[in-house]
Amino acid sequence: MKFLLIMNVNPAVLDALTEEERNEIGEGHGAFIDTIKKSGEMITTQALADPSQTAVVRVRGGQPVVTDGPFVEAKEYLGGFYLIDCESKERAIELAALIPDAKIEGLGVEVRPVMFSDGTLEA
Amino acid sequence: MRTDHATEDLLRELAPQVLGVLVRRHGQFEECEDAVQEAVLAAAVHWPDEGVPASPRGWLITAASRRLIDQIRSDNARRAREATTADQSPELRGDHADDVPATDDTLVLLFLCCHPALTPASQTALTLRAVGGLTTAEIARAFLVPEATMAGRISRAKQSIKAAGSQFTMPAPDELPERLSVVLHALYLIFNEGYIASSGSDLQRADVAREAIRLTRMVRRQLPDDGEVAGLLALMLLTDSRRAARATPGGDLIPLAEQDRTRWDRELIAEGTALISAALASSQLGPYQLQAAIAATHAEAGAAEDTDWRQVHLLYKILERIAPNPVVTLNRAVALAEISGPRAGLELLDTLDGDARMGGHHRLHAVRAHLLEAAGDRPAARENYKLAARGTASLAEQRYLESRAARLGTAEPP
């Protein structure tokens with residue numbers, strides 16, 4: 001079963017982290033990637049640039065209208081994700097708990113089943 | 001690289017035999033398995049151009065043995081110790097490679113790949129590679145994951161087998177029934193993985209269902225008297241007979257009652273029915289036999305309304321007794337509704353609401369919706385179809401459930 005482990009980030013929470021905590025997160029992700037690659041559960045992972053770098057495109061009257069900044073004003077934004085293929089929802093939750101973000105107060109990791117896939121998976 | 005079907009079939013048949021020979025000689029399942037995979041890939045490239053060698057099995061044993069020795073030699077850490085052993089082994093030098101008894105270790109391999117220490121997902125992947133002779137890339141495509149993911153999974157599986165200290169022998173007689181049930185479950189999962197796929201872009205996966213059937217036939221050749229092996233094979237054949245009728249060309253699911261039964265494969269039905277009839281008459285009853293008997297009962301009905309629902313209900317009732325499972329009860333509710341009316345089916349469904357294994361499962365909502373629709377309660381049926389549509393992780397099923405909900409309309413009937 002495929003799951004998307006969604007890391008929603010809150011820029012205010014991230015800004016308040018100490019250097020040491022930041023390093024721990026970086027190393028934690030490295031270790032997590034290593035774990036799920038070895039177990040054959042990793043499909044791909046992507047980390048996204050800061051929400052301020054985003055643009056929203058709307059087509060109105062056949063014309064694209066582009067606005068800078070995120071889609072909605074919110075506290076949390078999509079920061080990145082892991083796409084995994086594992087045995088069960090229980091295993092997906094177990095893996096999500098290994099992601100360093102899950103341990104940070106104010107953050108969490110969302111686990112959502114995948115319903116349809118297409119395109120090449122070789123990243 | 002595209003190998004013709006005859007070569008492909010031959011390679012898949014020979015791959016586990018060659019692996020068996022290598023493991024018997026050298027142990028080291030993990031290394032031997034890699035070597036055989038490389039030899040099979042080499043054969044797939046060379047044979048179509050150069051012709052199939054006079055002794056294809058010997059060719060593969062020689063090629064795999066050479067690769068094994070290369071692998072051992074390139075492994076610097078163990079070089080001194082193992083290259084010496086290898087040099088002393090005539091088989092590893094490629095001499096007299098075909099001079100081996102034609103024993104078939106395929107079943108032993110299957111038990112090894114379906115080791116209870118592995119997760120079902122690892123068992124199925126390793127079985128397809130080591131016993132089925134499929135490449136990692138083919139297995140990855142079938143399971144819709146990148147090749148690197150599948151390679152990691154297979155490699156981890158082989159390490160786990162090694163760590164579990166398993167031997168290349170048949171399980172002891174007292175362990176055999178339990179180990180066999182793990183093997184059959186893995187084959188069943190492989191079949192389902194391929195069968196669930198329905199739309200055009202998923203044709204690759206239909207091959208996996210066929211591969212599961214081929215492997216189960218192979219197990220049956222080795223264990224012809226086992227009722228559950230026969231039952232599983234019959235179940236696969238009878239289920240597969242409906243392949244052409246079970247979805248529209250666009251990939252939309254067609255429920256059993258609405259399928260065009262002229263498109264069911266008569267040959268598969270005849271074979272599956274004969275198999276299950278013989279097994280039921282001569283073997284100890286088991287869950288696969290009962291499921292096959294249910295599939296055979298559906299298969300013998302020329303039209304949905306001719307279905308012998310009393311027999312289906314009885315078979316589910318026995319299945320519920322010997323292998324209790326909420327999904328079985330769910331299916332029995334459908335049969336009960338056919339013989340005693342939708343309200344009786346709905347009452348049986350209510351007993352599942354408290355079951356933690358079933359609570360909130362989309363199939364419970366889907367069946368309830370279906371029975372409510374039959375009972376004439378359109379608003380409640382619609383609500384349950386929508387609940388079920390939200391709960392499923394299959395796009396085809398979601399489309400089907402949403403269309404059922406939409407068919408019931410939003411307004412009250414006039």
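Presented here is a report on the structure given in the accompanying data block. (Residues numbered from 1 in each chain as written. Chains lettered and ligands numbered in written order. Predicted model: local features only at pLDDT ≥ 70, side-chain atom pairs only at ≥ 80, totals over all residues. Heavy atoms only, no water.)

### Focus: the state of the cysteines
All names here are of chain B.
Here is step 1 of the chain: Inspection of the entire model under this criterion finds zero disulfides over all chains.
Here is step 2 of the chain: Unpaired in this structure, Cys 32 has its nearest cysteine sulfur neighbour in Cys 113, at a distance of 13 Å.
Here is step 3 of the chain: Among the residues examined, Cys 113 registers a relative accessible area of 0% and is labelled buried. (Disulfide = S-S within 2.5 Å. Buried < 20%, exposed > 50% of the residue type's maximum accessible area, 1.4 Å probe, protein only.)

### As for the pattern of salt bridges
All names here are of chain B.
Here is step 1 of the chain: Per the stated rule, a full pass over the model turns up 28 salt bridges over all chains.
Here is step 2 of the chain: Measuring nitrogen to oxygen at the nearest pair gives 3.3 Å for the salt bridge that ties Asp 355 to Arg 357.
Here is step 3 of the chain: In the salt-bridge network here, residues are joined through shared partners; they are Glu 8, Arg 12, Glu 13, Glu 138, Glu 211, Arg 214 and Arg 221. (Salt bridge = Lys/Arg side-chain N within 4 Å of Asp/Glu carboxyl O.)

### Looking at a nonpolar patch on the surface
Residues and elements named next belong to chain A.
Here is step 1 of the chain: A surface patch of nonpolar side chains, about 280 Å² in accessible area, is lined by Val 57, Val 59 and Val 66.
Here is step 2 of the chain: For Val 66, the location among the structural elements is in strand 4 (residues 63–68).
Here is step 3 of the chain: Overall, the relative accessible area of 53% leaves Val 66 in the exposed class. (Patch = residues over 30% accessible without salt bridge, like charges linked within 9 Å, V, L, I, M, F, W, Y side chains within 5 Å. Areas by Shrake-Rupley, 256 points an atom, 1.4 Å probe, with all protein chains shown as cover. Helix = DSSP H or I, 4+ residues; strand = E, 2+ residues; numbered from the N terminus.)

### Section: the interface of chain B and chain A
By convention, interface size is frequently given as the accessible area that disappears when the constituent parts associate.
Here is step 1 of the chain: Counting residues at the interface gives 18 residues for chain B and 15 residues for chain A.
Here is step 2 of the chain: When chain B packs against chain A, the two sides together hide about 1,300 Å² of surface, and 54% of this comes from carbon and sulfur.
Here is step 3 of the chain: The tally of links between chain B and chain A comes to one salt bridge.
Here is step 4 of the chain: Measuring nitrogen to oxygen at the nearest pair gives 2.8 Å for the salt bridge that ties Asp85(A) to Arg153(B).
Here is step 5 of the chain: Between chain B and chain A we count seven residue pairs in polar contact (both at pLDDT 80 or more) in total.
Here is step 6 of the chain: For the side of chain B that touches chain A, the secondary structure elements donating two or more residues are helix 6 (120–131), helix 8 (147–163) and helix 19 (395–407) of chain B.
Here is step 7 of the chain: In terms of residue count, the dominant contributor to the side of chain B that touches chain A is helix 8 of chain B (six residues).
Here is step 8 of the chain: Considered class by class, the residues forming the side of chain B that touches chain A number nine nonpolar, six polar and three charged. (Contact = heavy atoms within 4.5 Å. Buried area = accessible area lost by both parts, 1.4 Å probe. Polar contact = N/O pair within 3.5 Å; in protein donor to acceptor, adjacent residues only side chain to side chain. Nonpolar A, V, L, I, M, F, W, Y, C, P; charged D, E, K, R; others polar.)

### Let's talk about the packing of helix 1 (residues 5–26) of chain B against helix 5 (residues 106–113) of chain B
Residue and element names in this part refer to chain B.
Here is step 1 of the chain: For the pair helix 1 and helix 5, the least separation of the axes is 9 Å and the interaxial angle reads 80°. As summarised for this structure, helix 1 and helix 5 are arranged roughly perpendicular, according to the angle between their axes. On helix 5, the residues that touch Pro 16, Gln 17, Leu 19, Gly 20 and Arg 24 of helix 1 are Thr 106, Val 108 and Leu 109.
Here is step 2 of the chain: For the contact of helix 1 with helix 5, the per-class residue count stands at four nonpolar, three polar and one charged. (Axes fitted to C-alpha atoms, helices over the stretch in contact; angles between N-to-C directions. Parallel < 35°, antiparallel > 145°, perpendicular 65-115°, else oblique.)

### Let's talk about the nonpolar core
All names here are of chain B.
Here is step 1 of the chain: Of all hydrophobic cores here, the largest spans 98 residues; its most connected members are Leu 19, Leu 22, Phe 29, Leu 60, Leu 126, Met 150 and Leu 187.
Here is step 2 of the chain: With near-sequence residues (within four places) excluded, Leu 19 lies in contact with Phe 29, Cys 32, Glu 33, Val 36, Leu 109 and Ala 130.
Here is step 3 of the chain: Ranked by size, the runner-up nonpolar core spans 22 residues in total, among them Met 358, Val 367, Ala 369 and Ala 389. (Core = buried A, V, L, I, M, F, W, Y, C linked by side-chain atoms within 4.5 Å.)

### Digging into empty space enclosed by the protein
Residue and element names in this part refer to chain B.
Here is step 1 of the chain: Per the stated rule, a full pass over the model turns up one cavity of 30 Å³ or more.
Here is step 2 of the chain: Taken as a whole, the largest cavity encloses approximately 50 Å³ of empty space.
Here is step 3 of the chain: Lining the largest cavity are Ala 15, Leu 19, Glu 33, Val 36, Gln 37, Val 40, Arg 129, Ala 130 and Gly 133.
Here is step 4 of the chain: Secondary structure elements with two or more residues in the lining of the largest cavity: helix 1, helix 2 (29–50) and helix 6. (1 Å grid on protein atoms, 1.4 Å probe; cavity = no way out; pocket = protein on both sides within 12 Å on 5 of 7 lines; lining within 4 Å. Points joined across faces, edges and corners; volume = space filled by probe spheres on them.)

### Points about the packing of aromatic side chains
Here is step 1 of the chain: All chains considered together, the criterion is met by three aromatic pairs over all chains.
Here is step 2 of the chain: For the pair Phe32(A) and Tyr82(A), a centre-to-centre distance of 4.8 Å together with 75° between the ring planes defines the contact as edge-to-face. One end of the pair, Phe32(A), is in helix 2 (residues 19–38); the other, Tyr82(A), is in strand 5 (residues 77–85), with 50 residues separating them in the sequence.
Here is step 3 of the chain: According to the relative accessible area criterion, Phe32(A) is buried, its value standing at 2%.
Here is step 4 of the chain: With a centroid separation of 5.3 Å and an interplanar angle of 75°, the aromatic rings of Trp47(B) and Trp59(B) are classed as edge-to-face. Here the residue Trp47(B) occupies a position in helix 2, and Trp59(B) occupies one in helix 3 (residues 56–74), the gap between them amounting to twelve residues.
Here is step 5 of the chain: Judged by its relative accessible area of 29%, Trp59(B) falls in the partly exposed class.
Here is step 6 of the chain: Above the face of the Trp264(B) ring, Arg242(B) is positioned so that its terminal group lies 5.9 Å from the ring centre. (Phe/Tyr/Trp six-rings, centres within 6.5 Å; stacked < 30°, edge-to-face > 60°. Lys NZ or Arg CZ within 6 Å of the ring centre and 35° of its normal.)

### What about the sheet that holds strand 2 (residues 42–47) of chain A?
Residue and element names in this part refer to chain A.
Here is step 1 of the chain: With antiparallel pairing, four strands are arranged side by side in an open sheet as 2-5-1-6. Each having just a single partner strand, strand 2 and strand 6 (108–113) make up the two edges of the open sheet. Along the sheet, successive strands turn relative to each other by an average axial angle of 20°, direction set aside.
Here is step 2 of the chain: By the bridge criterion, eight bridges tie strand 1 (residues 2–9) to strand 5 in an arrangement that is antiparallel. Residue pairing for strand 5: Leu 4 is matched across the bridge by Leu 83.
Here is step 3 of the chain: Each of strand 1, strand 2 and strand 5 touches helix 2; the most contacted strand, strand 5, lies at about 25° to it. (Pairing = 2+ DSSP bridges.)

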